Amino acid sequence: MKRRDFLVTAWQGMGAIIAAGTGFIGLRYLVSQNEESTSGGVVTAGAVEKFASGTVTPLPEAKCYLVRNAEGGFLALYRQCTHLSCMVIWERNQFQCPCHGSAFTLAGKVISPPASRPLTRLAVQIENGQVRIDTGKQIKRTKTTAEDFVYPPEQTA
Ligand code: FES
């Protein structure tokens, strides 16, 4: 084999390997996006008194965190970062994104970019003392407000 033919073959082989790798990464990204976008309907988190004030409870079955603020209000935050959809984690009193460093408050407000929007909210219903999360109702926000929290019927904010 001539040197020139060898180099052409080597370049073609490297191109094929790079194309296959890129395709695999793209396919994995698409699959992960589909997994996260699947809605599971209404998920019952549990009785109101099960969640203490000032706590954050991960609810994998609803793909969210259930926040109960110091005043007793509930907020369900979708676990995807609003930058590029990585899964945020609750750590050191804030939601942190391991991908590019965004951070959010307990209410989902951005405290560190590159994310520019608050964490997406899921609709919370409190019926018969049970906290329910409607995973099919994602509420994208441009700002956070006190009205984002849902209070048990017998309690006022
Ligand atoms: S995906 Fe969260 S900061 Fe980029």
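Keep in mind the model is a prediction, meaning the values are calculated, not measured.

## Topic: the pairing of strand β9 (residues 121-127)
Buried residues dominate β9, accounting for 5 of its 7 residues. Relative to β9, strand β4 (residues 74-78) runs antiparallel, the two being bridged by 2 bridges. By the bridge assignment, A76 is partnered in β9 with L122. One ladder, built from 7 bridges, connects β9 with strand β10 (residues 130-139); its direction is antiparallel. The residue of β10 that forms the bridge with A123 is D134.

## Some thoughts on the confidence of the model for the protein
The pLDDT averaged across the protein works out to 85; a share of 78% of its residues lies at or above 70. Across the protein, the element-wise mean pLDDT spans from 58 in helix α1 (residues 3-37) up to 98 in strand β7 (residues 103-104). Ignoring residues within four places in sequence, the model shows residues 27-38, a span with pLDDT below 50, making 8 contacts including any to other chains.

## Concerning the state of the cysteines
Here, disulfide denotes a covalent bond that connects the sulfur atoms of two cysteines. One pass over the structure, following the stated rule, counts 1 disulfide. Across the disulfide, C86 is cross-linked to C99 (sulfur-sulfur distance 1.9 Å). A torsion of -95° about the S-S bond marks the disulfide between C86 and C99 as left-handed. With C86 in the loop between β4 and β5 (89-91) and C99 in the loop between β6 (94-96) and β7, this residue pair connects regions lying 13 residues apart in the sequence. Given a relative accessible area of 38%, C99 falls into the partly exposed group.

## Section: the sheet that holds β7
Across a sheet, paired strands are connected by hydrogen bonds in the backbone, their directions being either parallel or antiparallel. Spatial ordering of the open sheet is given by β5-β6-β7-β8, a layout of 4 strands whose pairing is antiparallel. Since the sheet does not close on itself, it has two edges, and those belong to β5 and β8 (110-112), each with one partner.

## Examining the nonpolar core
Core analysis: the largest hydrophobic core is formed by 16 residues, its most contacted members being L66, F74, V131 and I133. Elements with a minimum of two residues in this core: β1 (42-47), β3 (64-68), β4, β9 and β10. If we ignore the near neighbours within four places in the chain, the residues touching F74 are V48, F51, L66, V67, R68, V124, I126, V131, D148, F149, V150 and P152. Counting residues in each nonpolar core, the second largest holds 15 residues, with V67, L75, C81 and L119 among its members.

## So, the pattern of salt bridges
Applying the stated rule across the entire model yields 4 salt bridges. The partner of R121 in a salt bridge is D148, and the shortest N-O contact between them spans 3.5 Å. In this pair, R121 is assigned in strand β9 and D148 in the segment after β10, connecting sequence segments 27 residues apart. With a relative accessible area of 15%, R121 lands in the buried category. Here D148 makes a salt bridge to R141, at a shortest N to O gap of 2.6 Å. Per residue, the accessibility class of D148 equals that of R141, and both read buried. Several salt bridges converge on common partners, so that one network encompasses R121, R141 and D148.

The rules behind each value
- Residues numbered from 1 in each chain as written.
- Predicted model: local features only at pLDDT ≥ 70, side-chain atom pairs only at ≥ 80, totals over all residues.
- Heavy atoms only, no water.
- Buried < 20%, exposed > 50% of the residue type's maximum accessible area, 1.4 Å probe, protein only.
- Helix = DSSP H or I, 4+ residues; strand = E, 2+ residues; numbered from the N terminus.
- Pairing = 2+ DSSP bridges.
- pLDDT = per-residue confidence, 0-100.
- Contact = heavy atoms within 4.5 Å.
- Disulfide = S-S within 2.5 Å.
- Core = buried A, V, L, I, M, F, W, Y, C linked by side-chain atoms within 4.5 Å.
- Salt bridge = Lys/Arg side-chain N within 4 Å of Asp/Glu carboxyl O.

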